[in-house]
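# Coordinates in review
Each chain is listed here by its residues.
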Amino acid sequence: MDITAEKMKRCELVTVSGRIDSATAPELEETLLGLIQAGQKNIVVNLRDADYISSAGLKAMLSALMKVRKSIPPGNVVVSEITPDLKESFNLVGFDRLFSFYDQDIQAVGSF
């Protein structure tokens, strides 16, 4: 799994590629929580090149979402360019009601 973070005007764009499983999910969670701890409240996670997401990966995403929503002022974590297979994983556990999904990064970044 590879993770890159790019600072935008109103948010951080985090691009994840490869498999997000129990071995790599802690790295994703550490990256997201590190950005939040550094003061970033709005995060876009691009999953275009992610092949797979396990329950550990979903937990990492949820952990970041809950952390920013509890901050003052509250922030948000949104998902962009998700593949249909990964979107199905989010739908199965009900995360489609927690996260906002965007077809392109520009739409996701513009949502903040």
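Report on the accompanying structure. The written sequence of each chain sets the order in which its residues are numbered from 1. The predicted nature of this model means local features are confined to residues of pLDDT at least 70 and side-chain atom pairs, given and counted, to a pLDDT of 80 or more, with totals for whole chains, interfaces and linings taken over all residues. Think of the side-chain values as coming from all heavy atoms in the structure, minus any hydrogens and water.

To continue, consider the overall build of the chain. Only DSSP runs of H or I covering at least 4 residues are called helices, and only runs of E covering at least 2 are called strands; the numbering of each starts at the N terminus. In terms of regular secondary structure, the chain is built from 4 helices and 5 strands. Ordered by position in the sequence, the α and β elements of the chain form the string β-β-α-β-α-β-α-β-α. Against the 2.2 N^0.38 benchmark of 13 Å for 112 residues, the chain shows a C-alpha radius of gyration of 12 Å, consistent with a compact globule. In terms of principal-axis extent, the alpha carbons of the chain reach across some 30 × 25 × 25 Å. The buried share of the chain, reckoned over its 112 residues, is 46%. Here the globule rule is a power law, 2.2 Å times the number of residues to the power 0.38, and the radius of gyration is based on C-alpha atoms. Each residue's exposure class comes from its accessible area (1.4 Å probe, protein chains only) as a fraction of the maximum for that residue type: buried when under 20%, exposed when over 50%, partly exposed otherwise.

Turning our eyes to something else, we now look at the packing of aromatic side chains. Aromatic rings from Phe, Tyr and Trp, with only the six-membered ring used for Trp, were paired whenever their centres fell within 6.5 Å, and each pair was classed as stacked if the ring planes differed by under 30 degrees, edge-to-face if by over 60, and tilted otherwise. Scanning all chains against the criterion turns up 4 aromatic pairs. Relative to Phe 101, the ring of Phe 90 lies with its centre 5.5 Å away and its plane at 85°, an arrangement referred to as edge-to-face. On the criterion of sequence distance, the pair formed by Phe 90 in helix α3 (residues 84-92) and Phe 101 in strand β5 (residues 101-102) is long-range, its members being 11 residues apart. A relative accessible area of 21% means that Phe 101 is categorised as partly exposed. Positioned over the ring face of Tyr 52 is Arg 19, at 4.3 Å from the centre of the ring. One Lys or Arg, Lys 87, reaches over the ring of Phe 101 and ends 4.4 Å from the middle of that ring. Two limits define a charge over a ring: the Lys NZ or Arg CZ must be within 6 Å of the ring centre, and within 35 degrees of the ring normal.

Before going further, it helps to spend a moment on unusual backbone geometry. The amide bond that connects Ile 72 to the next residue, Pro 73, takes the cis arrangement and shows omega of -10°. Considering the arrangement of structural elements, one finds Pro 73 in the loop between α2 (55-70) and β4 (76-80).

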